[in-house]
Amino acid sequence: MALLTILEFPDPRLRTKAQPVTVFDAQLKQLVADMFETMYAAPGVGLAATQVNVHQQLLVMDMSEDKSDARVLINPRLLEKSGEQIFQEGCLSFPGIYADVERALRVKVAAQDVDGKHIEFEVEGPLAVCVQHEMDHLAGKVFVDHLSSLKRSLLLKKLDKKRKQSA
Ligand code: NI
């Protein structure tokens, strides 16, 4: 296993639209294992392949406290969404900054697992936030895109400041 390098905003590669996964082989399983290792080490609760500069429709997530809810979504598609919620989000590509984002409360998603098997599930609350946030990455979107331009510029200033402090 290997830790992968996470791209940080404003890296333009974060704007790449991911291509569908078509080959479900040992190499894909290795990538999934490496992405989990990278996500847990960060630590984070979700990681899209886009963030590790692999532009395939693949994401991993685990919002549990004890690594008991590991999920892999390959070629995910949003089937339904309903309701709304505001949740404070962070992102491994924006270290140290957080913002309230409005998203659907409930989502129904179809995807494939690491063997290519079709899966379908419905989640709500924080899990639904995570799914929507990570699916955004695969479309080349990031969470600050959901904010007003004023809020976004304040947040990006904060990100700059944090970087200068840690440099
Ligand atoms: Ni993110």
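Bear in mind that the values here come from a model prediction, so they are computed numbers and not experimental data.

### A closer look at helix H1 (residues 26-41)
Given a rise of 1.5 Å per residue, 16 residues ought to cover 22 Å, and the 22 Å separating the end C-alpha atoms of H1 matches this to within 8%. Taken as a whole, H1 has its buried residues at Leu28, Leu31, Val32, Asp34, Met35, Phe36, Thr38 and Met39. Those residues of H1 that are buried lie in contact with strand E1 (46-48), strand E2 (58-61) and strand E3 (71-82).

### Quick word on the sheet that holds E2
Read from one edge of the open sheet, five strands run E1-E2-E3-E6-E7, paired in antiparallel fashion. The outermost strands of the open sheet, each flanked by one partner alone, are E1 and strand E7 (118-124). On average, each strand axis in the sheet is inclined to that of its neighbour by 40 degrees, with strand direction left out of account. With six bridges joining them, E3 and strand E6 (residues 106-112) adopt antiparallel strand pairing. Counterpart to Arg77 in the pairing with E6 is Ala110. Lying on the sheet, H1 is in contact with E1, E2 and E3; it crosses E2 at an angle near 40 degrees.

### Observations regarding the nonpolar core
In this structure, Leu59, Leu73, Val107, Val123 and Val131 are the most contacted members of the largest nonpolar core, which totals 17 residues. Within the residue set of this core, elements represented by two or more residues are E2, E6, E7 and helix H2 (126-138). Examining the composition of this core, we find that six residues originate from one element, H2, more than from any other. If we ignore the near neighbours within four places in the chain, the residues touching Val107 are Leu78, Glu80, Lys81, Phe121, Glu122, Val123, Ala128, Val131 and Gln132.

### So, the packing of aromatic side chains
What the rule picks out here adds up to three aromatic pairs. Between the aromatic rings of Phe9 and Phe94, the centroid separation amounts to 4.7 Å while the plane-to-plane angle is 20 degrees, which identifies the pairing as stacked. With Phe9 in the segment before H1 and Phe94 in the loop between strand E4 (85-89) and strand E5 (99-103), this pair connects stretches of sequence that are 85 residues apart. Judged by its relative accessible area of 14%, Phe9 is buried. Between Phe94 and Phe143, the aromatic rings sit 5.1 Å apart at their centres with planes inclined by 90 degrees, giving edge-to-face as the arrangement. Residue Phe94 is found in the loop between E4 and E5, and its partner Phe143 is found in the loop between H2 and helix H3 (149-166); the two are separated by 49 residues along the sequence. Every member of this aromatic cluster is reached through a ring pair, and the members are Phe9, Phe94 and Phe143.

Calculation notes
Residues numbered from 1 in each chain as written. Predicted model: local features only at pLDDT ≥ 70, side-chain atom pairs only at ≥ 80, totals over all residues. Heavy atoms only, no water. Helix = DSSP H or I, 4+ residues; strand = E, 2+ residues; numbered from the N terminus. Expected span 1.5 Å × (residues − 1). Buried < 20%, exposed > 50% of the residue type's maximum accessible area, 1.4 Å probe, protein only. Contact = heavy atoms within 4.5 Å. Pairing = 2+ DSSP bridges. Axes fitted to C-alpha atoms, helices over the stretch in contact; angles between N-to-C directions. Core = buried A, V, L, I, M, F, W, Y, C linked by side-chain atoms within 4.5 Å. Phe/Tyr/Trp six-rings, centres within 6.5 Å; stacked < 30°, edge-to-face > 60°.

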